[in-house]
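Analysis of the macromolecular model
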Amino acid sequence: MGLNDKQVNKNRNFFQSLVHALDGVYSLVSTERNFRKHIILAAIAVVMGIWLRLSINEWLWITLAIFVVVVAEVLNTVVEAIVDLIVGHHYHDGAKKAKDVAAGGVLIAACFAVVIGCLIFIPELIQKFHVHL
């Protein structure tokens, strides 16, 4: 394939699939502001978890919450890209609904992550700082 040829066939091997997947992650990080915010918040949660010395069960919940949000954001980006590809710069009620529902999925995932974070981090912080309630 020449430099200007675009791939339209199935990937030939694992390496080619991996390169495309990494291109997708790069695209998310470089073009999606909310994805970057979620990654920064995830990094803060990981640093806090290390500092608080979370148990394996707490890490499982924190990791689940992080990945649920990240996957929701990925799916939201996919829905937006497909809808924009189909409708272009025209308004369509169905397109609005698809985008709103996908964004709602991210909101639900983020709320789940906040609940998990509060359930795990608040008691740990109370214990760390010897706060008596």
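Since this is a predicted model, take the numbers as computed values, not measurements.

1. Things to note about unusual backbone geometry
At R53, a residue that is not glycine, the phi angle is positive and equals roughly 55 degrees. Here R53 shows up in the loop between α2 (33-52) and α3 (56-87). At H130, a position not held by glycine, the phi torsion is positive, near 55 degrees. Take H130: it is sitting in the segment after α4 (93-128).

2. Some details on the UniProt feature "binding site: a divalent metal cation" (unreviewed entry) in the protein
Mapped onto this numbering, the UniProt entry annotates "binding site: a divalent metal cation" (unreviewed entry) at E32 and E80. In terms of the greatest pairwise C-alpha distance, the residues named above, spread along 49 residues, form a tight cluster of at most 11.2 Å across. Mapped onto the elements, E32 comes out in the loop between α1 (14-31) and α2. Among all residues touching E32, those that are not within four sequence positions of it are S27, T77 and E80. Within the secondary structure layout, E80 lies in helix α3. If we skip the residues at most four places from it in the chain, E80 touches E32 and K99.

3. Comments concerning the UniProt feature "transmembrane region" (unreviewed entry) in the protein
The residues that UniProt annotates with the feature "transmembrane region" (unreviewed entry) are residues 35-52, 59-82 and 102-122. Strand forms 0% of residues 59-82 and helix 100%; the C-alpha atoms that close the span are 34 Å apart. Between the end C-alpha atoms of residues 102-122 the distance is 30 Å, and the span holds 100% helix and 0% strand.

4. A few points about the pattern of salt bridges
Side-chain pairs of opposite charge can arise where the charged atoms are in close proximity. Inspection of the entire model under this criterion finds two salt bridges. Here D84 and K99 are joined by a salt bridge, their closest N and O atoms 2.5 Å apart. Of the two residues, D84 sits in helix α3 while K99 sits in helix α4, which places them 15 residues apart along the sequence. Looking at D84, the relative accessible area reads 38%, which means it is partly exposed. When the shortest N-O distance is used, the salt bridge between K96 and D100 registers 2.4 Å. Placement of the pair is K96 and D100 together in helix α4, with a separation of four residues, close to one helical turn.

Cut-offs and rules
Counting starts from 1 at the beginning of each chain's written sequence and moves along it residue by residue. pLDDT decides what is reported in this predicted model: residues at 70 or higher carry local features, side-chain atom pairs at 80 or more are listed and counted, and totals for whole chains, interfaces and linings draw on all residues regardless. As a convention, hydrogens and water are excluded, and side-chain values are obtained from all of the structure's heavy atoms. Starting at the N terminus, helices and strands are each numbered in turn, a helix being any DSSP run of H or I of at least four residues and a strand any DSSP run of E of at least two. UniProt positions are given in the numbering used here, feature names are shortened, and annotations may be inferred rather than shown by experiment. The contact criterion used throughout is that any non-hydrogen atoms of two residues lie within 4.5 Å. Salt bridge, as used here: a side-chain nitrogen of Lys or Arg that lies within 4 Å of a carboxyl oxygen of Asp or Glu. Three labels apply to residues, based on accessible area from a 1.4 Å probe with only protein chains included: buried if under 20% of the type maximum, exposed if over 50%, partly exposed otherwise in between.

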